[in-house]
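Residue strings, one per chain:
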Amino acid sequence: MRLPRWIWVLFLAVPFAGLSQQPQHTNTGEVEGIVFDSLHHYVLRAATVAIYGADSTRPISYQLTNALGEFAFKGIPVEIPCKLVCSYVGYKSTIRSFTISRQQVFADLGTLNMLAGPKDLEEVVVSYTPPVRMNGDTLEFNPNAFQLGENAVVEDLLRKLPGVIVWGDGSITVNGREVKSVLVEGKPFFGNGTRVATPNIPKDAVEKVQVYQKAPNTSNAMDSSTEVNIKLKDNKKSGAFGKGSVGYGTRERFDLDGNLNVFTPRTQVTLVAAHNNVNKTAPDIKTLLENSTYQGEGASIDYQPEFGQPGITRPLEAGFSLQHDFSKTDNFHTNRLTADYLFNQAQTAIATNTRTTNALQTGDQLIIESQNTHALTTARHQFSSRYEKKDFDQTFMILPSFSYNNNRSRIVSSAVSTDHFSTIQSQNKMENTNDATDRVIGISGGYDKKKLHTTWSFSAGQANNGQTIRSLFQSTDPAKDRLLDRNYSNDKDYLSGSLAFNFANLAVIRLNGVSLASLDAGAEAAVNTDKQLNNVYDKDPASGDPLRNNYLSNETNYSLLSVTPYVRLGKTFYKNLSFRYSRSTNLYVYLKEQLAHQQNSAGHWFQQFHRTTNQFIPQAGIRHSNTRFGKFRNELTAGFSITPGYASPGQLLALADSTQIYNMVGGNPNLQPFYKREIALSLLHSSYRRKAPFNYTIALKGGSVPNFIGDSASIDKDGQAIHYAVNLNGYRYMGADLMLRQSFNFNNQAFQVMAKLNTELSDRPNYLNQVYYVSRQWNNRAEGTLGYYLEPYLAVNISQSFSWYRSKQDQINGNYFSNALITTRACISAGITEKLTLTSNISFNNNNATGAAKTHFTIWNASASYRFLKKQNGEVRFSAYDLLRQNVNILNEGANNNLTVSTNNALRQYFMLTLTYFPRKFGK
Amino acid sequence: MKIKQLLYSCFAMVCFAQNLPAQSPQKIRIDPSQGEGGPVSAFFEEVKYIPLETTPQSLFGQVSQLYVTDGYFIILDYDTNSILLFTKEGKFHCKIEMGNIGKENSSPIGVRFFVVNPGRKEFSCKINDSKRWVYDFDGRKLREENVPMPGNYYFLPEGTTLFSWYSLKNNPSDSAYELAWENKGNIYRRELPYAVKNAVFGNGDIIRKATTHFTESGNDNIVYYTKQYDYNIYRLSADSMTRPYTFVFPLTVSLPSDFSTSIAYYGKRFELLKQNPKFIYGLSNFFELNHLLFFGIEQMGWNMDNTFIYDLPTSTLISVNHIDADSTNYFLPVQASRGFLTTDGVHVYTAASSLAMFEARDAVAKKKVKYSPVLADYFARGKESNNPVIIQLKPKIKRP
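Residues numbered from 1 in each chain as written. Chains lettered and ligands numbered in written order. Predicted model: local features only at pLDDT ≥ 70, side-chain atom pairs only at ≥ 80, totals over all residues. Heavy atoms only, no water.

1. A short note on the overall build of chain A
Across its full length, chain A holds six helices and 50 strands. Against the compact-globule benchmark of 29 Å for 924 residues, chain A has a radius of gyration of 33 Å, which places it among compact chains. Each principal axis of the C-alpha atoms in chain A carries an extent, and together these give about 105 × 80 × 50 Å. A burial count over chain A gives 47% of its 924 residues as buried. Carbon and sulfur atoms make up 56% of the accessible area of chain A, which totals about 41,700 Å². (Helix = DSSP H or I, 4+ residues; strand = E, 2+ residues; numbered from the N terminus. Rg over C-alpha atoms; globule rule 2.2 N^0.38 Å. Buried < 20%, exposed > 50% of the residue type's maximum accessible area, 1.4 Å probe, protein only. Areas by Shrake-Rupley, 256 points an atom, 1.4 Å probe, with all protein chains shown as cover.)

Following this line, the structure appears as structure tokens:
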């Protein structure tokens, strides 16, 4: 079926015909008329009709004409001279003055004739610009026609547009459909996504905002995705913007960050730098950019990472980003280079109190409590780049990258193990200094042409680690006491490579002339090598001389090679009823055979092995979509898969190190591969309703893993533990994810509801002191968020989250562990004046874990910011963090027969004064 | 290979270097962007809406092809791959479900067209390269026939069958002409010769088009023929081929003059059309009623002005998109996405979805339109998911 593109235009345009901008006055006048092309004798549909006050260039109200060329306004001021302006692409605008009398409250303007013309009258263009218009199949908004603040940005404009929702999490939907990307001049603007362009680009730089369908699906208009493009004014296509910020506060807290972004029609360059001691660390340039926008943070409650992070971190970051188009970009051609580099240096100091409760099979519990101080210095260089050349039927891309990481740490810990009568069984003091460096260079790429799809990657890495551990272990049995002073030198070289290719629609399988299935074929190959040289020396207690530790010193050379040829059989059924529904069902089966070879050569005989496995790993599934025209789209996927997994070199080759007295880990070279069997099902519901769209996602999964690599632990009464990875049967799991959201918009108010639920129940088999047991674990997390926005004055966000964990080990003692964390958060941002904004957020946290005292703490932050300078480029902000001085950092972690509750030092109360300047120059 | 040949012939008929009859066609010089409009009552004496009965048995998707006989609407629906017959009042008569016929190559479209033999009150559709099934107007399968030639066909009176066929790869002697006239197994005329195995066209130069290129004229003795990359209209009868009209468009939307002859476009035509979506690459659904020409233009890009009426005496171009609904047609739609579908010599026909009908009704709810009993019943008892509605329009003919 071929559905005309005017249908989706109808879906875009209708809300604007029906949901015209509401007048700002409480008035009762009505105006009607018809827009007509008298030369060609027809009415103009979707022409823009806007009503202005006689002395104003801001529309009181506006509409697009209907299919009969008619317009009808209500709520127009009476006894006030007004102008009605009709505009249409390719026509000269028409202006009609009128005044509605209080007695009649109605004005029929009759037929308004418009003349086609090459260009609008200059004075009309300057004075009255149509707020919205249809230009072919694109809906265009003119920012000048909307009542916005002098320094408004594109996001402020989007919030004004009927049918457009800017969600609390930053995502944007148009008539219920999510906007995947916001382009500027048809290209990504400082990275993909929506969070850089909209809060930075001033409305003054924007000629129009275009909403259209990307690559419309001709068989079903509702099937295509919606894209937003910001078209800049001709003299604003180059520019620069950024941020420079200096903050200093009590307790010597400081926060410096800056970025400068320069763009031309072909090139975009970003320079960033940040330095602080308030735990603000960005993993990449994109994060830095997205969180330092001209518009500011608003009422976001997600960007408060510094108080949830353990310890105090002092990061220094700097980097650049580049995007350059070598030729003009359009739907069929791309010739683009992007590159990112980020240097990150950080110093972190963490003080941790940890309590780990181990359930023993005797019914007893062993409790290990420790105090650690951890000083960490990291230095990281990350570079990634991508070159993509796309023509009509082929795409070529190459992605070079490198990274360098250096971590230097010093950990001092003191641990005590007690039985459940609180009797001390042992204690261990340890000092661990470590200097580890890791360098990786990689390159990957892909090439697609017609039926052929290929990807490949290669990376080579080198890691060096120098480590010294001094430990003193004391037990109730003095014979077990020991003092160790051990030096390590580990050098590792590793390589990984992969190659995959797929030929789509290679053949059609027929029976009696009827097509049964289409056949794809391809193969995936992967190789991983890991070569390690470990030299370990123990200081002789008597002489102080280093003695080579012949057990821990060794050389290993591990490799894993896998080749997976496959054929894919697929069959798609379509059922289409024009203008009513479109359904498609795709059935597919992957017939895969994986041949794998693992081997290791080592100085220790027990680490040497080589094995070849051959396993049939099929996949099968169904994908079903059901689009009800103008109502909703459901996408259902269900599948079964067998996924192989191989033991890591660490699980295979680790040598038990007696310095890790409470947590020694030994290798098991006999580990066999495991094959995860999983059934997964998901349903995505996208509403096309124009009012209060309701979307949800449901995902269910369940599976089992024969030969699961589990843990076999031996723990003595002192708490000394050694763990080996072993193959075990009995691992199974099931889980569910649910996400839903709905928005209600009324004029300049929006009410948003979002909810997420995640739950997983699993049985994990393990051994404890030669006793097989299954740990039944249940993890749950639920979060609900309510948002209320009254533009531009008020934004309120309230969320409630609940995390709950429980584990039970029947075969050991039947006891269970549980913990729960309940957090209520609220954030309010109020624009007191155009320049003054008050923001406050508060979170109430309740933590309850087995064996630990209940913890309640509240974090309350507040800030006041004032914008100054003509374009409000300057901002002074006073912030008060953790006003109640209650912040603590608590981590709960459950695993098998133990539960760990950690309490870390964290940022505490401070006050900060921040000065920020936003350099902004759009155009020459 | 045969299937591919059939596809080629069905998708497109491309040709060049014809030996045309020595008749000078009338040039119709138009700019599609300058079509005029007006109220529906200015162009049509009567607009009649015929809702098609909706039952579980008669439910179908779209009117992909329409033929109007004295008693029935014969409708091909690509969505359900079925041929349905409704009475002229819209009552469901019968349905022929074609199953997977035509979808052997995973094509989303099954049967691409049917051909009516009005003299025998039969219609037929091809089930493969060499066979067709023949049905009567009650949906009964009468017989299976061998098709003497591949490609499209059309029945003229007194046993004459027209064939159109174009092959890129093979060189069967019978197919060296795009058109052939056959009667009682005897091919007695050929037209539109082309050089096979030439290097002018590649596979990628053929634009897929599902329907037949023959359009009935309302006169059983005459059929019109159009093809891609050609702005000519061919009028065919049992013993003649004429070229009554050739269209001339503005340079900005016209194909290059050597588009169908130059090797420079080998394998690049499709890409060039995608890059120039306003280029008109062909004409469609042409028929002539007295002084009015009805036709569509084909472009890659989106253009709502794609169906036209041309008034020969006044050289006036009317864009059907700009024919505005008025009270004489209850402010309901007058154009469907496929343009005008057929003519019976007096009326032209198109169809609208029930969704479009209900939306149009809702848009003018304030006007309190008084509908005809048929439409009132349709709106009262029907819903947006009902079967499409046939629109029968009677053009205003200027009497000399």
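2. Concerning the overall build of chain B
A tally of helices and strands in chain B yields four helices and 26 strands. Scored against the burial criterion, the 400 residues of chain B give a buried share of 60%. Long-range contacts, defined as pairs at least 24 residues apart, comprise 59% of the intrachain contacts of chain B with a sequence gap of at least 6. (Contact = heavy atoms within 4.5 Å.)

3. Digging into the nonpolar core
One finds Phe44, Tyr49, Phe247 and Phe295 of chain B to be the most contacted residues of the largest nonpolar core, which totals 67 residues. Per-element tally for this core: the top contributor is strand E20 (residues 280–289) of chain B, with six residues. (Core = buried A, V, L, I, M, F, W, Y, C linked by side-chain atoms within 4.5 Å.)

4. Some details on the sheet that holds E20 of chain B
All names here are of chain B. The strand order across the open sheet built from five strands is E2-E23-E22-E21-E20, with neighbouring strands paired in mixed fashion. Bordering the open sheet on either side are strand E2 (36–39) and E20, each of which pairs with just one other strand. When strand polarity is set aside, the average angle formed by the axes of neighbouring strands in this sheet is 35°. (Pairing = 2+ DSSP bridges. Axes fitted to C-alpha atoms, helices over the stretch in contact; angles between N-to-C directions.)

5. Notes on the pattern of salt bridges
Considering all chains together, one arrives at 48 salt bridges over all chains under this definition. For the salt bridge of Glu45 of chain B with Lys394 of chain B, the shortest nitrogen-to-oxygen distance reads 3.7 Å. Within this pair, whereas Glu45 of chain B is found in strand E3 (residues 44–51), its partner Lys394 of chain B is found in strand E26 (residues 389–395), the two being separated by 349 residues in sequence. Salt bridges sharing common partners tie together Arg410, Glu431, Arg470, Asp485 and Lys539 of chain A. (Salt bridge = Lys/Arg side-chain N within 4 Å of Asp/Glu carboxyl O.)

6. Quick look at the environment of Trp456 of chain A
All names here are of chain A. Along the chain, the position of Trp456 falls in strand E25 (residues 452–475). Separated by 254 residues in the primary sequence, Trp456 and Pro202 place their C-alpha atoms 42 Å from one another. With residues up to four places along the chain from it excluded, the contact list for Trp456 reads Ile398, Ile443, Ser444, Gly445, Gly446, Ser498 and Leu499.

7. Thoughts on the interface of chain B and chain A
Contact with chain B, which involves 38 residues of that partner, is made by 32 residues of chain A. Contact between chain B and chain A buries roughly 2,900 Å² in total, counting both sides, with carbon and sulfur atoms accounting for 54%. Taken as a group, Asp79, Trp302 and Asp324 of chain B account for 21% of the area that chain B buries against chain A, more than any other trio of residues on that side. Summed over the shared surface of chain B and chain A, the result is two salt bridges. Two residues, Arg45 of chain A and Asp324 of chain B, come together in a salt bridge whose shortest N-O distance is 3.1 Å. Between the two partners, chain B and chain A, sit 13 residue pairs in polar contact (both at pLDDT 80 or more). (Buried area = accessible area lost by both parts, 1.4 Å probe. Polar contact = N/O pair within 3.5 Å; in protein donor to acceptor, adjacent residues only side chain to side chain.)

8. Considering helix H4 (residues 373–381) of chain B
A turn of α-helix holds 3.6 residues, and therefore any two residues three or four places apart point the same way. Residues and elements named next belong to chain B. What H4 keeps buried is the set Leu375, Tyr378 and Phe379. Buried positions in H4, seen along its axis, are confined to an arc of 90° and lie on one side of it. Facing away from the buried side of H4 by over 90 degrees, the exposed positions are Pro373, Ala380 and Arg381. In this fold, the buried residues of H4 make contact with E3, helix H3 (354–363) and E26. (Arc of directions from axis to C-beta.)

9. Some remarks on a nonpolar patch on the surface
All names here are of chain A. Together, Tyr866, Phe868, Leu869, Leu915 and Tyr917 line one region of the surface with nonpolar side chains, adding up to about 470 Å² of accessible area. Elements represented by at least two residues in the nonpolar patch include exactly strand E45 (855–868) and strand E49 (910–917). Here Leu869 is to be found in the loop between E45 and strand E46 (874–881). Judged by its relative accessible area of 44%, Leu869 is partly exposed. (Patch = residues over 30% accessible without salt bridge, like charges linked within 9 Å, V, L, I, M, F, W, Y side chains within 5 Å.)

10. Topic: the sheet that holds strand E9 (residues 122–126) of chain B
Residues and elements named next belong to chain B. Reading across from one edge, E8-E9-E10-E11 is the order of the four strands in this open sheet, with antiparallel pairing throughout. Each edge of the open sheet is held by one strand with a lone partner, namely strand E8 (115–117) and strand E11 (141–146). In this sheet, neighbouring strand axes are inclined to one another by 25° on average, regardless of whether the strands run parallel or antiparallel.

11. A word on the packing of aromatic side chains
Residues and elements named next belong to chain A. One pass over the full model with this rule turns up 54 aromatic pairs over all chains. An angle of 70° between the planes, with centres 6.3 Å apart, marks the rings of Phe473 and Tyr662 as edge-to-face. Taken together, the residues Phe473 in strand E25 and Tyr662 in the loop between helix H6 (649–653) and strand E34 (664–666) connect sequence positions 189 residues apart. What makes Tyr662 buried here is its relative accessible area of 14%. Put simply, the rings of Phe189, Phe190, Phe241, Phe263 and Phe922 touch in pairs and so form one group of aromatic residues. Directly above the ring of Tyr566 sits Lys592, whose terminal nitrogen or CZ lies 5.8 Å from the centroid. (Phe/Tyr/Trp six-rings, centres within 6.5 Å; stacked < 30°, edge-to-face > 60°. Lys NZ or Arg CZ within 6 Å of the ring centre and 35° of its normal.)

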